[in-house]
Amino acid sequence: MKTKFTFMKHFKHIFSAIAIFLATSAIGQTTVMDIISGSPDHSSLRAALFQEGLNTVLSDASAEFTVFAPTNASFDALADALGTDLNGILALPNLSDVLTYHVIEAAVPAADVTNGAIVDAVSTTNTLKLTKTSTGSVYANQAMVVGADLTADNGVVHSVDAVLLPYETVVDVAIDNGFNALATAVIAAELMPALTEPLAEYTVFAPTDQAFQNLADIVGIPLEDLFTPEAIAPEELAQVLIYHVLG
């Protein structure tokens, strides 16, 4: 009995030491949730995250996240577009899905964003389409990063100027239906932000891959070179592509 008691006594000491280590190891760490909570320009986002219980997820120091964080002005703009106010936004039945659409389960600094990258968000409703322009601007869908690389111990926060909505857009339709050359052209022309605007309405007359191949044959260059800056400047390509779009 004495041996068992002594073992249990030592076990309790070891367990207590581990608990103290785990508790103290988190001291001084800054999470992506801390960054959002400490920003006066993201109080609407903070309120939404707390309401949906996502603050706990983003406070996980053992995880890694990238958060595209809409500003208060972004929430106000969405509320105006929907004819409501912030309380109306907080009452949206799919709010949790909307919020998790702003989160990637990896740390992605602005320098690592590549033009045309399609990445999985925590929300599985839709993918995020990333753009990096020739001038260095970074977008997630239609939202421009206005404050990049707010770094935490469990990831990075990018402040953005619009709320992302996981709605299907004309870009999704093109990608999902095999308009590969058109998608490549849209990326090269840096039109992804415009065409992923979730509350806009467009009609797109979408050239098929064969149509682009026919054009490449006419001008005498390989299809893979058709959308390069050497063949056509991005701004000129954009003019050609928007000629296929009705607002």
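Described in the following lines is the structure provided in the data block. In this text the structure is predicted, and so the values were computed from the model without any measurement. (Residues numbered from 1 in each chain as written. Predicted model: local features only at pLDDT ≥ 70, side-chain atom pairs only at ≥ 80, totals over all residues. Heavy atoms only, no water.)

1. Quick look at the environment of Ser 39
Logical step 1: Structurally, Ser 39 can be placed in the loop between helix 2 (32–37) and helix 3 (43–51).
Logical step 2: With a relative accessible area of 19%, Ser 39 lands in the buried category.
Logical step 3: Residues Ser 39 and Thr 71, 32 residues apart in the sequence, show an inter-C-alpha distance of 9.5 Å. (Helix = DSSP H or I, 4+ residues; strand = E, 2+ residues; numbered from the N terminus. Buried < 20%, exposed > 50% of the residue type's maximum accessible area, 1.4 Å probe, protein only.)

2. Section: unusual backbone geometry
Logical step 1: Positioned with a positive phi, Asn 141 is a non-glycine residue whose angle comes to about 50°.
Logical step 2: Residue position: Asn 141 is located in the loop between strand 5 (138–140) and strand 6 (143–152).
Logical step 3: Its identity as a non-glycine residue notwithstanding, Asp 149 has a phi of 60°, on the positive side.
Logical step 4: By secondary structure assignment, the location of Asp 149 is in strand 6.

3. Details of the sheet that holds strand 4 (residues 127–132)
Sheet strands associate in pairs through backbone hydrogen bonding, adopting either a parallel or an antiparallel arrangement.
Logical step 1: Strand order in the open sheet made by the 7 strands is 2-1-7-6-5-4-3, with mixed pairing throughout. Here the strands that pair on one side only, and so sit at the sheet edges, are strand 2 (103–104) and strand 3 (118–120).
Logical step 2: Both strand 6 and strand 7 (residues 155–160) contribute to a ladder of 5 bridges, which runs antiparallel. In the sheet register, Val 145 faces strand 7, and the bridge partner there is Val 160. (Pairing = 2+ DSSP bridges.)

4. What to know about the packing of helix 9 (residues 180–188) against helix 12 (residues 234–242)
Logical step 1: Across the interface, helix 9 lies against helix 12 with an axial gap of 9 Å and an inter-helix angle of 130°. What the angle tells us is that helix 9 and helix 12 run oblique. Considering the relative orientation of helix 9 and helix 12, their crossing is left-handed. Together, Leu 182, Ala 185, Val 186 and Ala 188 of helix 9 and Pro 234, Leu 237 and Leu 241 of helix 12 make up the contact between the two elements.
Logical step 2: Among the residues forming the contact of helix 9 with helix 12, the class breakdown is 7 nonpolar, no polar and no charged. (Axes fitted to C-alpha atoms, helices over the stretch in contact; angles between N-to-C directions. Parallel < 35°, antiparallel > 145°, perpendicular 65-115°, else oblique. Left-handed = near helix turned anticlockwise from the far one by under 90°. Contact = heavy atoms within 4.5 Å. Nonpolar A, V, L, I, M, F, W, Y, C, P; charged D, E, K, R; others polar.)

5. What to know about the pattern of salt bridges
Logical step 1: Applying the stated rule across the entire model yields 1 salt bridge.
Logical step 2: A salt bridge links Asp 172 to Lys 129; its shortest N-O distance comes to 2.3 Å. Separated by 43 residues along the polypeptide, Asp 172 in helix 8 (residues 170–176) and Lys 129 in strand 4 bring together distant segments of the chain. Lys 129 matches Asp 172 in its accessibility class, with the two residues each being buried. (Salt bridge = Lys/Arg side-chain N within 4 Å of Asp/Glu carboxyl O.)

Treat this as a map of the structure, not an account of what it does.
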